[in-house]
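# Commentary on secondary and tertiary structure
So the chains spell out like this:
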Amino acid sequence: MEHVYWNPTMETMPREQLRALQNERLRDVVRRVYEHVPFYRNKMQQLGITPNDIHGVEDLHLLPFTEKQDLRNNYPFGLFAVPQSEIVRIHASSGTTGKPSVAGYTSGDVDRWAELMARAMYCANVGKSDIVQVAYGYGLFTGGLGAHYGAERVGASVIPMSGGNTVRQLMLMEDFGSTALCCTPSYALNLADAMEREGITLDRIRLKSGIFGAEPWTEDMRRRIEEKMGIDALNVYGLSEVMGPGVAMECMAKNGMHIWEDHFLPEVIGPDGKSLPYGEQGDLTFTTLTKHGMPLIRYRTHDLCTLTDEPCPCGRTHVRMGRVMGRTDDMLIIRGVNVFPSQIEHALLQVPGIEPHYHIVVDRVGTLDTIEVQVELSPSVMSDTVRDLETLERKIVNSLASHALIHASVKLCQPGTLPRSEGKAVRVTDRRHLQ
Ligand code: ADP
Ligand code: ZN
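What comes next is a walk through the structure. (Residues numbered from 1 in each chain as written. Chains lettered and ligands numbered in written order. Predicted model: local features only at pLDDT ≥ 70, side-chain atom pairs only at ≥ 80, totals over all residues. Heavy atoms only, no water.)

### Thoughts on the sheet that holds strand β11 (residues 282–288)
Strand pairs in the sheet, formed through backbone hydrogen bonds, run parallel or antiparallel to each other. The following threshold applies: At least two DSSP bridges between two strands are required for those strands to pair. Helical segments are the DSSP runs of H or I of at least four residues, strand segments are the runs of E of at least two, and each set is numbered from the N terminus.
Strands sit in the order β10-β11-β12-β15 across an open sheet of four strands; the sheet is antiparallel. Each edge of the open sheet is held by one strand with a lone partner, namely β10 (264–269) and β15 (326–327). Note: strand β12 (residues 299–305) against β15, two bridges, orientation antiparallel. For D303, the partnering residue across the bridge sits in β15 and is R327.

Spelled out as structure tokens, the structure:
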């Protein structure tokens, strides 16, 4: 396989050289936040450190963490490191877990974001001759504009669809001959199902790559989407506080997402607040090295994953992050057992005869937590007898017990009856919080 890089110098830079660049950029960002952001100056003063104590990455552990709550406490613009007149764009997180956190970008930041999304496009073999359908939401959410700028940067023809309008998406996909699709994996699946429903066969579309992210998904889900759409489905990661999509992107090796380390310094933090070695799972944490509008020091994403610096066949030297299992806020505790929706997804997709559409309802009866997993049947098993369906249900219960270690009740639903997502899927209804 031939590899084309958007920025060969940076993407394949030997790691020692990359480290030297990070050292220099880290010193610079620490100085900038110390001088311009009272929050960071105060924190560093409390810890008894100044920018002179930070010589390079080896001193990272001396620096304070930043939590989402710190962004909320300084809402909306308190962590900006430049005068407001220098800010050209404001985004906010989707607010999945509470009040949105705000991010401000200088024109340099917007430019660097486009560059990193351009690298992501090239990772997916998307370039100048491609037609890119952006079905991430446009707006305060970073997905739409992030993908848009990256696709434009590589010279592709961009279709700024935004999310929703499923039938129209498909019509334009066919008529315009879109070759790449950017959206959440759950929406991609929704589109794939709608294709089937509308009788649009694969020979009528030209799609070859999908750049899917903004929510957790599994390898099983990747396979399903790839089969249904006849594409390579790649994972893209980002968060608005740190930049937006394109903080990390998978290459065609489909074996983890390269974190653009010339711009972001990743760490994985363990429960004791210490940085873990590569390979161990913990809380992904970023220090932004080149952001000017709102630089962040050791920002705790609360996304659980591992990092690896093993060489990648694509030749890029930047470390890779594994799939995000979920954010710690999404972890369900059912009768003392910790479980992420992504583990439930994995367990479900081991069982033939069901579709990757599911919803999890957690409740409490008396003092006992209950969990019901609702999942859709494939149209092919709809004609099965009641007895067959009971067997299928038992298989799902067993798979949930062995793969996700939970004892759930399973509700088989008719095809097409569970709510579909147009952006980030809502996987869980937790009725325990309503009581
Ligand atoms: P919000 O926190 O309101 O959802 P964002 O829209 O900025 O804000 O979403 C960022 C979050 O989305 C990340 O912290 C992560 O939890 C999730 N996310 C983004 N990309 C991926 C991905 N490829 N896989 C899993 N989770 C992802
Ligand atoms: Zn690679």
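### Examining the packing of aromatic side chains
We apply this condition: Between the rings of Phe, Tyr and Trp (Trp by its six-membered ring), a pair exists once the centres lie within 6.5 Å; its type follows the angle of the planes, with under 30 degrees stacked, over 60 edge-to-face, and the other angles tilted. Working definition: with a 1.4 Å probe on protein chains only, accessible area under 20% of the residue-type maximum means buried, over 50% means exposed, and in between means partly exposed. Lysine and arginine charges are scored as sitting over a ring when NZ or CZ, respectively, is within 6 Å of the ring centre and within 35 degrees of the ring normal.
If you walk through the whole model with that rule in mind, you get eight aromatic pairs. Ring plane angle 70 degrees and centroid distance 6.1 Å describe the contact between F212 and W217, whose orientation is recorded as edge-to-face. Note on F212: relative accessible area 0%, which makes it buried. The interplanar angle of 75 degrees and the centroid separation of 6.3 Å between the aromatic rings of F264 and F286 together place this pair among those described as edge-to-face. In this pair, F264 sits in strand β10 while F286 sits in strand β11, placing the two residues 22 residues apart along the sequence. Here F264 falls in the buried class, since its relative accessible area comes to 2%. With a relative accessible area of 0%, F286 lands in the buried category. Cluster of aromatic residues (ring-pair linked, three or more members): Y237, F264 and F286. Across from the ring centre of W260, 5.1 Å away, lies the NZ or CZ of R119, which sits over that ring.

### Some points on helix α6 (residues 142–153)
Inclusion rule: A helix is expected to span 1.5 Å multiplied by its residue count minus one.
The end-to-end C-alpha distance of α6 is 16 Å, a good match for the 16 Å that twelve residues give at a rise of 1.5 Å each. Residues of α6 that are buried include every one of T142, G143, G144, G146, A147, H148, G150 and A151, and no others. The first or second residue beyond α6 is G155, which carries a positive phi of 90 degrees.

### A look at the sheet that holds strand β4 (residues 157–160)
As a reminder, the rule being used: In this analysis, two residues are considered to be in contact whenever any of their non-hydrogen atoms come within 4.5 Å of each other. For helices, the fitted line uses only the C-alpha atoms of the stretch in contact; every axis is such a line through C-alpha atoms, and the angle between N-to-C directions lies from 0 to 180 degrees.
Spatially, the nine strands line up as an open sheet ordered β4-β3-β5-β6-β7-β8-β9-β14-β13, and their pairing is mixed. Lying at the two open borders of the sheet, with one neighbouring strand each, are β4 and β13 (307–308). Pairing of strand β9 (residues 257–259) with strand β14 (residues 320–321), which is carried by two bridges, proceeds in the antiparallel orientation. Residue pairing across strands places H258 opposite R320, the latter belonging to β14. Those strands touched by α6 are β3 (131–134), β4, β5 (180–183) and β8 (244–250), and its axis lies near 60 degrees from that of β8. The strands touched by helix α7 (residues 166–176) within the sheet are β3, β4 and β5, with β3 carrying the most contacts at an inclination of about 175 degrees.

### Description of the environment of Y105
The condition is simple: Pairs of N or O atoms within 3.5 Å make up the polar contacts considered here, provided that, within protein, one atom can donate a hydrogen while the other can accept it, and that residues adjacent in sequence are counted only when both atoms are side-chain atoms.
Note on placement: Y105 falls in strand β2 (residues 102–106). Setting aside chain neighbours within four positions, we find Y105 in contact with E86, I87, V88, R89, H91, V110, W113, T142, S240, M243 and G244. Within the structure, the side chain of Y105 is placed 2.4 Å from the backbone oxygen of M243, a separation counted as a polar contact.

### A closer look at the coordination of the zinc ion (ligand 2)
To keep it simple, the criterion reads: As a rule, N, O and S atoms within 2.8 Å of a metal are its donors, except that Na, K and Ca use 3.2 Å; water is not among the atoms, so sites may look incomplete. Geometry assignment treats four donors as tetrahedral when all angles are between 85 and 135 degrees, treats four as square planar and six as octahedral when opposite donors are over 155 degrees apart and all others between 65 and 115, and treats everything else as irregular.
Protein coordination at the zinc ion (ligand 2): the donors are C251 (SG), H258 (NE2), C312 (SG) and C314 (SG), at 2.1 to 2.3 Å from the metal. Taken together, the four donor atoms surrounding the zinc ion (ligand 2) define angles of 102 to 114 degrees at the centre, an arrangement classified as tetrahedral. Counting gaps between the donor residues of the zinc ion (ligand 2) yields the pattern C-x6-H-x53-C-x1-C. Note that C251 is positioned in the loop between β8 and β9 and C314 in the loop between β13 and β14, a separation of 63 residues in sequence.

### Focus on the layout of surface pockets
Under the convention used in this document: Each cavity reported here is a set of points on a 1 Å grid over the protein atoms alone in which a 1.4 Å probe fits but cannot get out, each pocket an open set with protein on both sides within 12 Å along at least five of seven lines, and each lining residue one with an atom within 4 Å of a point. Grid points are joined across faces, edges and corners, and a volume is the space filled by probe spheres set on the points. Gly is put with the polar residues, along with every residue not named as nonpolar or charged; the nonpolar set is Ala, Val, Leu, Ile, Met, Phe, Trp, Tyr, Cys and Pro, and the charged set is Asp, Glu, Lys and Arg.
When its volume is computed, the second largest pocket comes out at roughly 280 Å³. Along its surface, the second largest pocket is lined by 18 residues, and V57, P266, E267, S275 and Y278 are the ones closest to its centre. Here the lining of the second largest pocket is built from residues that sort into nine nonpolar, three polar and six charged.

### As for the environment of Y75
Mapped onto the secondary structure, Y75 falls in the loop between α4 (68–73) and β1 (87–92). Residues Y75 and G230 lie 155 residues apart in sequence; the distance between their C-alpha atoms is 44 Å. With sequence-adjacent residues up to four places away left out, Y75 is seen in contact with K99, P100 and V102.

### With respect to the pattern of salt bridges
Pairs can form between side chains of opposite charge once their charged atoms are near each other. Threshold: Only one rule defines a salt bridge in this text: a Lys or Arg side-chain nitrogen within 4 Å of an Asp or Glu carboxyl oxygen.
Evaluated as defined, the whole model comprises 29 salt bridges. E241 serves as the salt-bridge partner of K68, at 2.8 Å between the closest nitrogen and oxygen. Taken together, the residues K68 in helix α4 and E241 in the loop between β7 (232–239) and β8 connect sequence positions 173 residues apart. Here the two residues K68 and E241 agree in accessibility, since each one is buried. In the salt-bridge network here, residues are joined through shared partners; they are D193, E196, K228, E355, E376 and R420.

### Some remarks on the side chain of R89
Using the following cut-off: Within this scheme the basic residues Lys and Arg register as positive and the acidic residues Asp and Glu register as negative, but His and the chain ends are omitted.
With respect to the helices and strands, R89 occurs in strand β1. We note that R89 is buried and unpaired, the nearest opposite charge coming from E152 at a distance of 8.9 Å. Leaving out residues up to four positions away in the same chain, R89 has contacts with A103, G104, Y105, V110, W113, L145 and Y149.

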